[in-house]
Amino acid sequence: MLLHISQSSLSISGGIVLFLIAIKMIFARSDEIFGSGPEGEPFVVPLAVPLIAGPSALTTVLLLVAREPARWPSWLAALVCAWSISLLILVFSNRLRKILRVRGIMAMERLTGMLLTTVAVEMLLNGIKQFYTK
């Protein structure tokens, strides 16, 4: 690779970034975990890094392609499916907001945060395991 970045460091850094995003989702109020912030601060996941995939999704796809390069069409199809689902959610976000209301959205955000913490810890542990088994 051009930057000489190993799979283990990609997995560890992706896990850390994903873990921080997940913690912010679980503790929605900024003063709960990250100190005080501006009133009414919106929680914005980096949607446009690049397009819809965030850093952890890109790291996951890079790791999967590096492990099994012959399956790159499958990984690309999975990424396109994720983008399509994200597009549908964004297009129908006003309707979803009206259906779920504030409490429903908060509950979904925290549930997603809990799932992301699990994925982040798994990525981190896999990176550490790869580093020590070299």
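An account of the accompanying structure is given in this report. Because the structure is predicted, anything quoted here is derived from the model rather than measured.

Calculation notes
- Residues numbered from 1 in each chain as written.
- Predicted model: local features only at pLDDT ≥ 70, side-chain atom pairs only at ≥ 80, totals over all residues.
- Heavy atoms only, no water.
- Helix = DSSP H or I, 4+ residues; strand = E, 2+ residues; numbered from the N terminus.
- Expected span 1.5 Å × (residues − 1).
- Bend = angle between axes of the 7 residues up to and from the residue.
- Buried < 20%, exposed > 50% of the residue type's maximum accessible area, 1.4 Å probe, protein only.
- Patch = residues over 30% accessible without salt bridge, like charges linked within 9 Å, V, L, I, M, F, W, Y side chains within 5 Å.
- Areas by Shrake-Rupley, 256 points an atom, 1.4 Å probe, with all protein chains shown as cover.
- Salt bridge = Lys/Arg side-chain N within 4 Å of Asp/Glu carboxyl O.
- Axes fitted to C-alpha atoms, helices over the stretch in contact; angles between N-to-C directions.
- Parallel < 35°, antiparallel > 145°, perpendicular 65-115°, else oblique.
- Left-handed = near helix turned anticlockwise from the far one by under 90°.
- Nonpolar A, V, L, I, M, F, W, Y, C, P; charged D, E, K, R; others polar.
- Phe/Tyr/Trp six-rings, centres within 6.5 Å; stacked < 30°, edge-to-face > 60°.

1. Considering helix α5 (residues 93-132)
In an α-helix, one full turn covers 3.6 residues, which means residues spaced three or four apart are oriented alike. Between the first and last C-alpha of α5 there are merely 44 Å, a value that for 40 residues lags more than 12% behind the 58 Å anticipated at 1.5 Å per step. Where α5 bends most, at arginine 101, the angle is about 100°. Those residues of α5 not exposed but buried are Gly113, Thr117, Ala120, Met123, Gly127 and Gln130.

2. Some points on a nonpolar patch on the surface
Together, Ile85, Leu87, Leu88, Ile89, Val91, Phe92, Leu96, Ile99, Leu100, Ile105 and Met108 make up an exposed nonpolar region whose accessible area comes to about 1000 Å². Among the secondary structure elements, those contributing two or more residues to the nonpolar patch are α4 (72-91) and α5. Position of methionine 108 relative to the elements: it lies in helix α5. Residue classification places methionine 108 among the partly exposed residues on the basis of a relative accessible area of 46%.

3. A few points about the packing of helix α1 (residues 7-26) against α5
For the pair α1 and α5, the least separation of the axes is 7 Å and the interaxial angle reads 160°. Taken together, the axes of α1 and α5 are roughly antiparallel relative to one another. The two elements α1 and α5 meet at a crossing, and its hand is left-handed. Residue composition of the contact of α1 with α5, by class: 17 nonpolar, eleven polar and two charged.

4. As for the environment of lysine 129
Among the secondary structure elements, lysine 129 is positioned in helix α5. The exposure class of lysine 129 is exposed, given its relative accessible area of 55%. Taking the C-alpha atoms as reference points, lysine 129 and serine 8, separated by 121 residues in sequence, lie 7.9 Å from one another.

5. What about the packing of aromatic side chains?
In the structure shown here, the tally under the stated rule is one aromatic pair. For the pair phenylalanine 131 and tyrosine 132, a centre-to-centre distance of 5.2 Å together with 80° between the ring planes defines the contact as edge-to-face. What makes tyrosine 132 exposed here is its relative accessible area of 64%.

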